[in-house]
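One letter stands for each residue in the lines below.
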Amino acid sequence: MDGIMNAQVLRNGFIALAAMAGAASAGITGPTALWIEATNANGTGMLAIDLTDGFFQPDGTFIWFNFVPQNIIDTNNNQVIGQLRQGSLSASNTSPLGLSFVVQAGAVDTVFTFTTATVQIPGGYLNPDARASAGLTLTDSNGNGATLTGLQTGGNYHTAFYNNASSEFSNLVQGPLVVVNPNGSTNANEDFPGPVGYATIPGLVNDISAQFSFRLTANDQASGTSVFVVVPTPASIALLGISGLALTTRRR
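Everything in this summary refers to the structure shown in the same document. Since the structure is predicted, the reported quantities are computational estimates derived from the model, not experimental observations.

## Remarks on the nonpolar core
Counting residues in each nonpolar core, the largest one holds 55 residues, and the members touching the most others are Phe114 and Phe214. Counting residues per element, this core draws most heavily on strand β17 (residues 204-216), which supplies six residues. Other than its neighbours up to four places away in sequence, Phe114 contacts Leu34, Trp35, Ile36, Leu84, Leu99, Phe101, Val103, Ala210, Gln211, Phe212 and Phe214.

In structure tokens:
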């Protein structure tokens, strides 16, 4: 009961902030900020997190969160494929792209895929610095062990993309994770390019996005969190300045 009350208090506070925030897009084109898909032998279900499901902060950052468990259902047969127990997303073209979640598999092994919308960077960043991090926790919920298998390249769990998902910046956290002890848990995390610092992305970066994909054993739980940030270099800032000057000149 306390958890529900606390969630409601937070929700009311966020709604109040949303009322003060002006219209914005956070660089997201289209109505959807996040797609959550669950599929197993019983079918496939999808949750689409639209911009109307969250709110915009005064700086234009889009925020979505969910503290109330939500079933992911195959609408063709009304089967519960899995459950989103918690989730959050922060997206902006001027701040990190952050995603977190807690899910529970259905009655059979279940594949979950979280795909963020493409976040546009107006004017693009030339040779920007970037870093990404991701972490996962696997919990055995039914006392018979648990396995979490990564379905991204190389058996990993998380990929940070740029330029309409045509290029990978990072591919993080090697799987699988395995829990042997009944009702136990385990976790893993990874940062790129390392615990500190940034890696340069060569060329012009016009947008960023991210994706988690994994298979979770029946009835077990997995949680994850990730951050992907792209920082303009002085060359990028100069390019944006030139673009802005050109736009002003054309308007005149």
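Past the structure itself, the notes keep going.
## Structural notes on the packing of aromatic side chains
In this description, a pair of aromatic rings is defined by centroid distance and the angle of the planes. The full count for this structure, using the stated rule, is eight aromatic pairs. Ring geometry for Phe169 and Phe228: centres 5.5 Å apart, planes at 20 degrees, overall stacked. Here the residue Phe169 occupies a position in strand β13 (residues 167-174), and Phe228 occupies one in strand β18 (residues 221-231), the gap between them amounting to 59 residues. Pair check on accessibility: Phe169 and Phe228 agree, each one buried. Pairwise contacts between aromatic rings join Phe101, Phe112, Phe114, Phe212 and Phe214 into one cluster.

## Let's talk about the side chain of Thr61
Here Thr61 lies in the loop between β3 (55-56) and β4 (62-66). Classification of Thr61 by relative accessible area gives buried; the value is 3%. Setting aside its immediate chain neighbours within four residues, Thr61 contacts Phe55, Phe56, Ser90, Ala91, Ser92 and Ser95.

## Here we look at the environment of Ser166
Here Ser166 shows up in the loop between β12 (156-162) and β13. Overall, the relative accessible area of 58% leaves Ser166 in the exposed class. Within the structure, Ser166 has its side chain in polar contact with the backbone oxygen of Asn163 (distance 2.6 Å).

## Topic: the pairing of β13
Here β12 runs beside β13; their pairing, made up of six bridges, is antiparallel. Paired with Ala160 across the strands is Ser170, a residue of β13. In this antiparallel pair of consecutive strands, β12 and β13, the connection spans four residues, and Asn163 shows a positive phi of 55 degrees.

## A short note on the environment of Thr137
Within the secondary structure, Thr137 is located in strand β10 (residues 129-139). Classification of Thr137 by relative accessible area gives partly exposed; the value is 27%. Residues contacting Thr137, with those up to four places away along its chain left out, are Thr186, Asn187, Gln221, Ala222 and Ser223.

## Considerations on unusual backbone geometry
With omega at 0 degrees, the peptide bond leading from Gly175 into Pro176 counts as cis. Following the sequence through the fold, Pro176 ends up in the loop between β13 and β14 (177-179). Here Phe192 and Pro193 are connected by a cis peptide whose omega angle stands at 15 degrees. Note on placement: Pro193 falls in the loop between β15 (185-192) and β16 (199-200). Positive phi is not limited to glycine here, since Asn78 has a value of about 60 degrees. Its place among the elements puts Asn78 in the loop between β5 (70-74) and β6 (79-91). Within the chain, Asn164 stands out as a residue other than glycine whose phi angle is a positive 60 degrees. Among the structural elements, Asn164 can be located in the loop between β12 and β13. A residue is classified by how much of its surface remains accessible, and Asn164, at 59% relative accessible area, is exposed.

Cut-offs used in this document
Residues numbered from 1 in each chain as written. Predicted model: local features only at pLDDT ≥ 70, side-chain atom pairs only at ≥ 80, totals over all residues. Heavy atoms only, no water. Core = buried A, V, L, I, M, F, W, Y, C linked by side-chain atoms within 4.5 Å. Buried < 20%, exposed > 50% of the residue type's maximum accessible area, 1.4 Å probe, protein only. Helix = DSSP H or I, 4+ residues; strand = E, 2+ residues; numbered from the N terminus. Contact = heavy atoms within 4.5 Å. Phe/Tyr/Trp six-rings, centres within 6.5 Å; stacked < 30°, edge-to-face > 60°. Polar contact = N/O pair within 3.5 Å; in protein donor to acceptor, adjacent residues only side chain to side chain. Pairing = 2+ DSSP bridges.

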